[in-house]
Amino acid sequence: MFSLGSWLPALPGLAWGWALLDALLQGESPRGWHGDGLGTSWGTPVTRCCLLPAGLVGACAVSVLCSLLKVYLYIQCLNDPERQAEKEAIRARRWVLEPLHVAVLTGVLALVGSRVAALVVLEFSLRAVSTVLSLGKGAHSSQLYLLCQYSLGCGVSCSLSFLLEGAPHRTCNLALAVGLAGLLAAYARRLARHVCTLYELHSRARYCGICILLLAAGHGIPRLLRNALAVTFAVADLAAVALINRDFLSTAEAVRFWTPLTICYTLLVIYMQEEPRQSTGGQPVYQTVLVRMGGLFILLLTVGHWTDVLHVLISLLGELWCLLRAGVMLEACRRQ
């Protein structure tokens, strides 16, 4: 297997350090660190918590999503004379906070266990399908894109954990994934900054290729995001089911877990379809987060491990962090 130590001089005092760093990059515990041995999410390589590389890739994916949505919403507000206040609010966002958001989200995704991340992915997939089916009744897909931020990060982390498990060059693959994700996030942020600063001028002058392209095809950004998210969550759902099922030693254990989970998710989906229609403000967005995580918390108290309960609390912080950061865009989507 590829390792960092094979690229570096064989220094006796650093051999253990190279092995430790290589194990951390691969999302595993070093040899000899076997967890608690009780079958918790720290005990096996499959269900061990998502570490830094996968979390960073997931945070970069969320950053790309937010940057493209920012471009789309800014252009929509610019073309509507009655939404100039929203346009200025989107433009006034502090760009220096973007790296801070990526860093915090990376830490949250690195701490959340694979089991809870998989459950978050499955829950959002059911909610997304239900919302898409009700689009004809007035639901807004742009708001759904913002609500999937944390779930997208969990989905990317789960997919990497599943697809790279046992890969012969896993460290190299993770490094390549982090590099590509970082480049995409950086270019997406540059695009959003360019649009918020110069699009209004360039779209009139018609001398900037990027702005001309957005002027002609900017309305297609939601369709691009929809297709990309559909593929991402399709892979993440398969990875999530595989990661969860590997924790069970028998079919009876799997049935005892999936039956209450299915009932819980069904009730949550019904609640989230009805609650937003009873209020026109933005408060239901945060209420549904508390209800969803509260339901998952109670469920895992009965059929999960103590580490799963802790990871649900961390997931709650991650969801709230993403929604607070996207508050301006959520308001723009709600008024659209």
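Just above, that's the structure.
None of the values given here were measured: they were computed from a predicted structure. (Residues numbered from 1 in each chain as written. Predicted model: local features only at pLDDT ≥ 70, side-chain atom pairs only at ≥ 80, totals over all residues. Heavy atoms only, no water.)

With that settled, consider the overall build of the protein. Tallying secondary structure elements over the protein gives 14 helices and zero strands in all. Beginning at the N terminus, the succession of helices and strands in the protein can be written as α-α-α-α-α-α-α-α-α-α-α-α-α-α. Within the protein, the fraction of its 336 residues that count as buried is 47%. Across the protein, the fraction of contacts at a sequence separation of at least 24, relative to all contacts at a separation of at least 6, is 76%. Total accessible area on the protein is roughly 16,400 Å²; 68% of this is exposed by carbon and sulfur atoms. (Helix = DSSP H or I, 4+ residues; strand = E, 2+ residues; numbered from the N terminus. Buried < 20%, exposed > 50% of the residue type's maximum accessible area, 1.4 Å probe, protein only. Contact = heavy atoms within 4.5 Å. Areas by Shrake-Rupley, 256 points an atom, 1.4 Å probe, with all protein chains shown as cover.)

Counting across every chain of the model gives ten salt bridges. The residue lysine 87 makes a salt bridge to glutamate 200 at a minimum N-O spacing of 3.6 Å. Of the two residues, lysine 87 is situated in helix 3 (residues 84-91) and glutamate 200 in helix 8 (residues 170-205); the sequence distance between them amounts to 113 residues. For lysine 87, a relative accessible area of 4% puts it in the buried group. Taking the shortest distance from any N to any O, the salt bridge between arginine 115 and aspartate 308 comes out at 2.8 Å. (Salt bridge = Lys/Arg side-chain N within 4 Å of Asp/Glu carboxyl O.)

Glancing now at the nonpolar core. Ranked by size, the top nonpolar core spans 84 residues in total, and within it Leu65, Leu119, Tyr150 and Leu296 carry the most contacts. Sorting elements by how many residues they give to this core places helix 2 (residues 52-78) first, with 16 residues. With sequence-adjacent residues up to four places away left out, leucine 119 is seen in contact with Ile244, Phe257, Leu261, Tyr265, Leu296 and Leu300. (Core = buried A, V, L, I, M, F, W, Y, C linked by side-chain atoms within 4.5 Å.)

On to the packing of aromatic side chains, then. Counted under the stated rule, the structure contains one aromatic pair. Note on phenylalanine 124 and phenylalanine 233: the rings are 4.9 Å apart at their centroids and 40° apart in plane angle, and the pair reads as tilted. Placement of phenylalanine 124 in helix 5 (residues 114-133) and of phenylalanine 233 in helix 10 (residues 221-245) is noted, with a sequence separation of 109 residues between them. Note on phenylalanine 233: relative accessible area 8%, which makes it buried. (Phe/Tyr/Trp six-rings, centres within 6.5 Å; stacked < 30°, edge-to-face > 60°.)

Before going further, it helps to spend a moment on the layout of surface pockets. Each pocket or cavity is described by its volume, and for the second largest pocket that value is around 550 Å³. Grouping the constituent residues of the lining of the second largest pocket by class yields 19 nonpolar, two polar and no charged. (1 Å grid on protein atoms, 1.4 Å probe; cavity = no way out; pocket = protein on both sides within 12 Å on 5 of 7 lines; lining within 4 Å. Points joined across faces, edges and corners; volume = space filled by probe spheres on them. Nonpolar A, V, L, I, M, F, W, Y, C, P; charged D, E, K, R; others polar.)

The next subject is empty space enclosed by the protein. Going through the model one piece at a time under the given rule, you end up with two cavities of 30 Å³ or more. Approximately 50 Å³ is the volume found for the second largest cavity. As for the second largest cavity, its lining consists of Leu119, Val120, Glu123, Tyr265, Leu268, Arg292, Met293 and Leu296. Put simply, the parts of the chain that give the lining of the second largest cavity at least two residues each are helix 5, helix 11 (251-274) and helix 12 (283-303). The residue makeup of the lining of the second largest cavity, split by class, is six nonpolar, no polar and two charged.

Residue pairs spaced three or four apart in an α-helix point in one direction, given the helix's 3.6 residues per turn. An ideal rise of 1.5 Å per residue puts 52 Å on 36 residues; helix 8 measures up with 49 Å between its terminal C-alpha atoms. The sharpest bend along helix 8 reaches about 70° and sits at leucine 198. Once helix 8 finishes, arginine 206 follows within two positions and takes phi at roughly 60°, a positive value. (Expected span 1.5 Å × (residues − 1). Bend = angle between axes of the 7 residues up to and from the residue.)

The subject of this paragraph is the packing of helix 5 against helix 13 (residues 306-325). The geometry of helix 5 relative to helix 13 is characterised by a closest axis approach of 9 Å and an angle of 55° between their N-to-C directions. The orientation of helix 5 relative to helix 13 falls into the category oblique. Crossing of helix 5 against helix 13: the hand is right-handed. In this structure, helix 5 uses Arg115, Val116 and Val120 to contact helix 13, whose residues at the interface are Asp308, His311, Val312 and Ser315. A breakdown of the residues in the contact of helix 5 with helix 13 according to their chemical character gives three nonpolar, two polar and two charged. (Axes fitted to C-alpha atoms, helices over the stretch in contact; angles between N-to-C directions. Parallel < 35°, antiparallel > 145°, perpendicular 65-115°, else oblique. Left-handed = near helix turned anticlockwise from the far one by under 90°.)

Right, let's talk about the environment of leucine 238 for a bit. Secondary-structure assignment places leucine 238 in helix 10. When the C-alpha atoms of leucine 238 and alanine 118 are compared, they prove to be 9.5 Å apart, with 120 residues separating the residues in sequence.

Here we take up a nonpolar patch on the surface. On the surface, a nonpolar cluster with roughly 380 Å² of combined accessible area is contributed by Val96, Leu97, Leu100 and Trp321. With respect to the helices and strands, leucine 97 occurs in helix 4 (residues 97-111). (Patch = residues over 30% accessible without salt bridge, like charges linked within 9 Å, V, L, I, M, F, W, Y side chains within 5 Å.)

Looking at the secondary structure, you find lysine 70 in helix 2. Of the polar contacts made by the side chain of lysine 70, one reaches the side chain of glutamate 98; its length is 3.2 Å. (Polar contact = N/O pair within 3.5 Å; in protein donor to acceptor, adjacent residues only side chain to side chain.)

Moving on, we get to the side chain of histidine 202. Checked against the element boundaries, histidine 202 lands in helix 8. Not counting residues within four places of it along the chain, the set of residues in contact with histidine 202 comprises His194, Tyr207, Cys208 and Cys211.

Attention now moves to the environment of isoleucine 270. Looking at the secondary structure, you find isoleucine 270 in helix 11. Measuring from C-alpha to C-alpha, the distance between isoleucine 270 and serine 130 comes to 8.9 Å, with 140 residues separating the pair along the chain.

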